Amino acid sequence: MLLSLKEIRTLSKEVLEQSDIEYFQDKYGKRFVRAMRAVEEGKVRKYHFSPSRVIRWTVVGRSKEYLVIPEVFCSCRDFYQSVVIQRNSKMCYHLLAQKIGEIRGQFTVLNMTDADRRRLYHVWRKVS
Ligand SMILES: [Zn+2]
């Protein structure tokens with residue numbers, strides 16, 4: 001798991017205390033700050049596709065929208081470079097933002113068709 005149970009419990013509190021924020025900043029650095037900002041700006045999206053009932057998460061970044069498979073994958077460059085190649089981090093800020101958004105119930109739900117999904121996959125797969 002990306003986050004410990006204790007961290008999940010802390011993040012599910014309605015209001016984070018200064019000490020909570022400091023803990024996450026110490027541990028996750030700038031990625032935590034950026035992730036919280038993305039969550040607060042409503043950039044975490046949960047797509048519900050029908051009729052397949054497939055669910056996909058994305059996080060809208062500065063220049064494009066990234067496909068996030070919770071705990072596992074993000075389509076951004078930082079994930080590829082820092083997590084896959086250099087292995088100096090467990091996640092990019094989008095993965096963290098998806099997690100925080102899901103825990104706090106702060107995400108935008110979009111209902112779409114499977115035809116939309118094929119079109120969106122094509123966009124999400126493009127390397128920025
Ligand atoms: Zn990412």
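Every value quoted in this text rests on a predicted model; they were computed, and no experiment measured them. (Residues numbered from 1 in each chain as written. Predicted model: local features only at pLDDT ≥ 70, side-chain atom pairs only at ≥ 80, totals over all residues.)

Let us now look at the overall build of the protein. The secondary structure content of the protein amounts to 6 helices and 5 strands. Sequence-ordered secondary structure for the protein, helices as α and strands as β, is α-α-α-β-β-β-β-α-α-β-α. Computed over its C-alpha atoms, the radius of gyration of the protein comes to 15 Å, within 12% of the 14 Å expected for a compact globule of 128 residues. On the principal axes, the C-alpha backbone points of the protein span a range of 45 × 35 × 25 Å. By residue count, 25% of the 128 residues in the protein fall in the buried class. The long-range fraction of contacts in the protein, counting pairs at least 24 apart against all pairs at least 6 apart in sequence, stands at 60%. (Helix = DSSP H or I, 4+ residues; strand = E, 2+ residues; numbered from the N terminus. Rg over C-alpha atoms; globule rule 2.2 N^0.38 Å. Buried ≥ 20, exposed ≤ 12 C-beta atoms within 10 Å, placed from the backbone. Contact = placed C-beta atoms within 7 Å.)

With 12 residues, helix H5 (residues 93-104) should cover 16 Å at 1.5 Å per step; its first-to-last C-alpha distance of 16 Å lies within 8% of that length. The buried count for H5 comes to 9 of 12 residues, which makes it a mostly enclosed element. Here H5 has its buried residues at Tyr93, His94, Leu95, Leu96, Ala97, Gln98, Lys99, Ile100 and Gly101. Once H5 ends, the next one or two residues include glycine 105, with phi positive near 65°. (Expected span 1.5 Å × (residues − 1).)

Our focus in this paragraph is the confidence of the model for the protein. Confidence along the protein averages 94 in pLDDT terms, with 98% of residues attaining 70 or more. Looking over the protein, one finds the lowest element-wise mean pLDDT in helix H6 (residues 114-125), namely 91, and the highest in strand S1 (residues 44-50), namely 98. (pLDDT = per-residue confidence, 0-100.)

A word on the packing of helix H2 (residues 18-28) against helix H3 (residues 30-40). Interhelical geometry of H2 versus H3 gives an angle of 125° and a closest axis separation of 6 Å. When the axis of H2 is compared with that of H3, the two are oblique. Contacts from Phe24, Gln25 and Tyr28 in H2 reach Arg31, Phe32 and Val33 in H3. (Axes fitted to C-alpha atoms, helices over the stretch in contact; angles between N-to-C directions. Parallel < 35°, antiparallel > 145°, perpendicular 65-115°, else oblique.)

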